[in-house]
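Chain by chain, the residues:
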Amino acid sequence: MTERKNVEQKTFIMIKPDAVARGLIAPIVQRFENTGLTIERLELGTVTPEQAAENYAEHEGKPFYPGLIEYITSGPVVKMVLSGPEAVMVCRKLMGATNPRDAAPGTIRGDFGLVVDANVVHGSDSPESALREIEIFFGD
Ligand SMILES: Nc1ncnc2c1ncn2[C@@H]1O[C@H](COP(=O)(O)OP(=O)(O)OP(=O)(O)O)[C@@H](O)[C@H]1O
Ligand SMILES: [Mg+2]
(Lines give C-alpha, C1' and ligand atoms only; values in the text may rest on other atoms or scores of the structure.)
(Ligands and ions follow the chains in the order given, each with its own letter.)
Protein backbone atom coordinates (compact mmCIF):
# COMPACT_ATOMS: atom_id res chain seq x y z
CA MET A 1 0.00 0.00 0.00
CA THR A 2 1.35 3.44 -0.84
CA GLU A 3 1.91 5.69 2.09
CA ARG A 4 -0.66 8.47 2.47
CA LYS A 5 0.72 11.64 3.95
CA ASN A 6 -1.39 13.80 6.23
CA VAL A 7 -0.58 17.24 4.90
CA GLU A 8 -1.78 20.14 7.06
CA GLN A 9 -4.15 22.28 5.01
CA LYS A 10 -6.62 25.11 5.39
CA THR A 11 -9.96 25.13 3.59
CA PHE A 12 -12.69 27.71 3.13
CA ILE A 13 -16.24 26.56 3.85
CA MET A 14 -19.46 28.49 3.40
CA ILE A 15 -22.95 27.53 4.56
CA LYS A 16 -25.02 28.94 1.69
CA PRO A 17 -28.11 31.20 1.98
CA ASP A 18 -30.69 28.42 1.53
CA ALA A 19 -29.27 26.44 4.45
CA VAL A 20 -28.98 29.48 6.75
CA ALA A 21 -32.58 30.48 5.90
CA ARG A 22 -33.77 26.96 6.74
CA GLY A 23 -32.19 27.04 10.20
CA LEU A 24 -29.50 24.48 9.42
CA ILE A 25 -26.40 26.28 10.72
CA ALA A 26 -26.02 24.16 13.86
CA PRO A 27 -26.39 20.67 12.34
CA ILE A 28 -24.05 21.59 9.47
CA VAL A 29 -21.36 23.09 11.73
CA GLN A 30 -21.72 19.92 13.83
CA ARG A 31 -20.80 17.76 10.82
CA PHE A 32 -17.59 19.75 10.29
CA GLU A 33 -16.73 19.66 14.01
CA ASN A 34 -17.28 15.90 14.07
CA THR A 35 -14.35 15.41 11.66
CA GLY A 36 -11.88 16.65 14.27
CA LEU A 37 -10.67 19.49 12.03
CA THR A 38 -10.06 22.80 13.78
CA ILE A 39 -12.48 25.66 13.19
CA GLU A 40 -10.13 28.65 12.94
CA ARG A 41 -12.71 31.24 11.93
CA LEU A 42 -16.50 31.33 11.85
CA GLU A 43 -18.53 34.37 10.91
CA LEU A 44 -22.06 35.22 9.82
CA GLY A 45 -22.08 37.65 6.91
CA THR A 46 -23.30 38.36 3.42
CA VAL A 47 -21.47 37.87 0.13
CA THR A 48 -21.02 41.07 -1.88
CA PRO A 49 -21.54 40.94 -5.68
CA GLU A 50 -17.79 41.62 -6.04
CA GLN A 51 -16.85 38.68 -3.81
CA ALA A 52 -19.33 36.44 -5.65
CA ALA A 53 -17.90 37.36 -9.05
CA GLU A 54 -14.33 36.77 -7.88
CA ASN A 55 -15.14 33.46 -6.20
CA TYR A 56 -17.09 32.09 -9.16
CA ALA A 57 -14.96 33.63 -11.97
CA GLU A 58 -14.39 30.14 -13.45
CA HIS A 59 -18.15 29.86 -14.16
CA GLU A 60 -18.63 33.24 -15.87
CA GLY A 61 -20.50 32.80 -19.18
CA LYS A 62 -22.16 29.51 -18.17
CA PRO A 63 -25.98 29.40 -18.31
CA PHE A 64 -26.34 29.04 -14.54
CA TYR A 65 -23.91 31.89 -13.70
CA PRO A 66 -26.43 34.77 -13.27
CA GLY A 67 -28.63 32.61 -11.04
CA LEU A 68 -25.61 31.49 -9.04
CA ILE A 69 -24.53 35.08 -8.31
CA GLU A 70 -28.10 36.09 -7.40
CA TYR A 71 -28.48 33.12 -5.08
CA ILE A 72 -25.17 33.41 -3.23
CA THR A 73 -25.76 37.13 -2.54
CA SER A 74 -29.43 36.64 -1.58
CA GLY A 75 -29.08 36.39 2.20
CA PRO A 76 -26.84 35.64 5.17
CA VAL A 77 -24.17 32.95 4.90
CA VAL A 78 -21.75 31.43 7.40
CA LYS A 79 -18.09 31.68 6.41
CA MET A 80 -15.54 29.36 7.99
CA VAL A 81 -11.86 28.49 7.83
CA LEU A 82 -11.03 24.93 8.89
CA SER A 83 -7.58 23.45 9.26
CA GLY A 84 -6.03 20.05 9.81
CA PRO A 85 -4.71 16.98 7.99
CA GLU A 86 -5.99 16.88 4.38
CA ALA A 87 -8.68 19.40 5.33
CA VAL A 88 -9.65 20.13 1.70
CA MET A 89 -10.39 16.53 0.74
CA VAL A 90 -11.93 15.67 4.10
CA CYS A 91 -14.46 18.51 3.72
CA ARG A 92 -15.22 17.78 0.05
CA LYS A 93 -16.00 14.15 0.96
CA LEU A 94 -18.17 15.27 3.86
CA MET A 95 -20.11 17.67 1.58
CA GLY A 96 -20.84 15.13 -1.17
CA ALA A 97 -21.40 15.61 -4.90
CA THR A 98 -22.18 19.09 -6.29
CA ASN A 99 -25.70 18.01 -7.25
CA PRO A 100 -27.51 16.89 -4.08
CA ARG A 101 -29.41 14.39 -6.20
CA ASP A 102 -26.11 12.56 -6.79
CA ALA A 103 -24.76 13.11 -3.28
CA ALA A 104 -24.63 9.99 -1.10
CA PRO A 105 -26.80 9.76 2.02
CA GLY A 106 -24.67 10.69 5.01
CA THR A 107 -23.06 13.61 3.19
CA ILE A 108 -24.21 17.17 3.93
CA ARG A 109 -25.64 17.74 0.45
CA GLY A 110 -27.10 14.22 0.37
CA ASP A 111 -28.89 14.74 3.67
CA PHE A 112 -29.91 18.42 3.48
CA GLY A 113 -30.08 19.31 -0.23
CA LEU A 114 -32.41 18.69 -3.14
CA VAL A 115 -31.31 20.73 -6.17
CA VAL A 116 -27.97 21.88 -7.62
CA ASP A 117 -29.04 25.54 -7.67
CA ALA A 118 -29.20 25.59 -3.86
CA ASN A 119 -26.71 22.99 -2.72
CA VAL A 120 -26.32 23.95 0.95
CA VAL A 121 -22.54 24.33 1.28
CA HIS A 122 -19.42 25.45 -0.51
CA GLY A 123 -15.95 24.04 0.08
CA SER A 124 -12.62 24.83 -1.59
CA ASP A 125 -11.59 22.29 -4.24
CA SER A 126 -7.78 22.55 -3.70
CA PRO A 127 -5.33 24.03 -1.18
CA GLU A 128 -4.59 26.82 -3.71
CA SER A 129 -8.31 27.64 -4.10
CA ALA A 130 -8.58 27.68 -0.33
CA LEU A 131 -5.92 30.38 0.10
CA ARG A 132 -7.50 32.42 -2.71
CA GLU A 133 -11.00 32.12 -1.21
CA ILE A 134 -9.83 32.91 2.34
CA GLU A 135 -8.29 36.09 0.92
CA ILE A 136 -11.56 36.97 -0.87
CA PHE A 137 -13.81 36.37 2.12
CA PHE A 138 -11.61 37.21 5.11
CA GLY A 139 -9.05 39.47 3.45
CA ASP A 140 -5.97 38.22 5.24
N1 LIG B 1 -25.49 22.76 -13.80
C2 LIG B 1 -25.66 23.63 -12.79
N3 LIG B 1 -26.83 24.26 -12.62
C4 LIG B 1 -27.01 25.14 -11.62
N5 LIG B 1 -26.06 25.49 -10.73
C6 LIG B 1 -24.88 24.89 -10.87
C7 LIG B 1 -24.60 23.92 -11.89
N8 LIG B 1 -23.32 23.52 -11.77
C9 LIG B 1 -22.83 24.19 -10.72
N10 LIG B 1 -23.76 25.00 -10.18
C11 LIG B 1 -23.60 25.89 -9.04
O12 LIG B 1 -22.31 26.46 -9.08
C13 LIG B 1 -21.59 26.12 -7.91
C14 LIG B 1 -20.14 25.95 -8.25
O15 LIG B 1 -19.96 24.82 -9.08
P16 LIG B 1 -18.68 23.90 -8.93
O17 LIG B 1 -18.52 23.15 -10.20
O18 LIG B 1 -17.53 24.72 -8.43
O19 LIG B 1 -19.16 22.86 -7.83
P20 LIG B 1 -18.61 22.61 -6.38
O21 LIG B 1 -17.14 22.88 -6.34
O22 LIG B 1 -19.08 21.26 -5.92
O23 LIG B 1 -19.42 23.68 -5.57
P24 LIG B 1 -18.85 24.91 -4.75
O25 LIG B 1 -17.79 25.59 -5.58
O26 LIG B 1 -20.05 25.76 -4.48
O27 LIG B 1 -18.28 24.27 -3.52
C28 LIG B 1 -22.26 24.86 -7.39
O29 LIG B 1 -22.10 24.70 -6.00
C30 LIG B 1 -23.71 25.10 -7.75
O31 LIG B 1 -24.35 25.91 -6.76
MG1 LIG C 1 -16.25 24.77 -6.77
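Look up a bit, the structure's there.
Per chain, the residues get numbers from 1 upward, laid out in the order the sequence is written. Numbering of ligands from 1 and lettering of chains from A proceed in the order in which they are written. Two thresholds apply to this predicted model, a pLDDT of at least 70 for residue-level local features and 80 or more for giving and counting side-chain atom pairs, whereas whole-chain, interface and lining totals are computed over all residues. Based on all heavy atoms of the structure, the side-chain values leave hydrogens and waters out of the count.

Colleague: Talk me through the pattern of salt bridges; I want residue IDs and the actual numbers.
Modeller: One speaks of a salt bridge when a side-chain nitrogen belonging to Lys or Arg is within 4 Å of a carboxyl oxygen belonging to Asp or Glu. Applying the stated criterion to the full structure yields three salt bridges. In this structure, Lys-10 and Glu-40 form a salt bridge, with 2.8 Å as the shortest nitrogen-oxygen distance. Residue Lys-10 is found in strand 1 (residues 8–15), and its partner Glu-40 is found in strand 2 (residues 38–45); the two are separated by 30 residues along the sequence. Note on exposure labels: buried denotes an accessible area under 20% of the residue type's maximum, exposed denotes more than 50%, and partly exposed covers the range between, all computed with a 1.4 Å probe on protein chains only. We classify Lys-10 as partly exposed; its relative accessible area is 35%. Given the relative accessible area of 40%, Glu-40 is considered partly exposed. The partner of Arg-31 in a salt bridge is Asp-111, and the shortest N-O contact between them spans 3.0 Å. Highlighted residues: Arg-31 in helix 2 (residues 25–34) and Asp-111 in helix 6 (residues 108–112), separated in sequence by 80 residues. Only DSSP runs of H or I reaching four residues or more are called helices, and only runs of E reaching two or more are called strands; each is numbered from the N terminus.

Colleague: Describe the packing of aromatic side chains, listing the residues and the values that go with them.
Modeller: Geometrically, a pair of aromatic rings is defined through the distance of the ring centres and the angle of the planes. Stacked, tilted and edge-to-face pairs are distinguished by plane angle, under 30 degrees for stacked and over 60 for edge-to-face with tilted covering the rest, among Phe, Tyr and Trp rings (Trp via its six-membered ring) whose centres lie within 6.5 Å. One pass over the structure, following the stated rule, counts two aromatic pairs. Each ring, one from Phe-12 and one from Phe-138, has its centre 6.3 Å from the other, and the planes form 75 degrees; the classification is edge-to-face. One end of the pair, Phe-12, is in strand 1; the other, Phe-138, is in helix 7 (residues 127–138), with 126 residues separating them in the sequence. Here Phe-138 falls in the buried class, since its relative accessible area comes to 12%. Taken together, the aromatic side chains of Phe-12, Phe-137 and Phe-138 make up a single cluster linked through ring pairs. Throughout this description, the term charge over a ring refers to an Arg CZ or Lys NZ atom that lies within 6 Å of the ring centre and within 35 degrees of the ring normal. The ring centre of Phe-138 lies 5.2 Å from the NZ or CZ of Lys-79, which sits over that ring.

So far we have only geometry, and geometry alone does not tell us how the molecule works.
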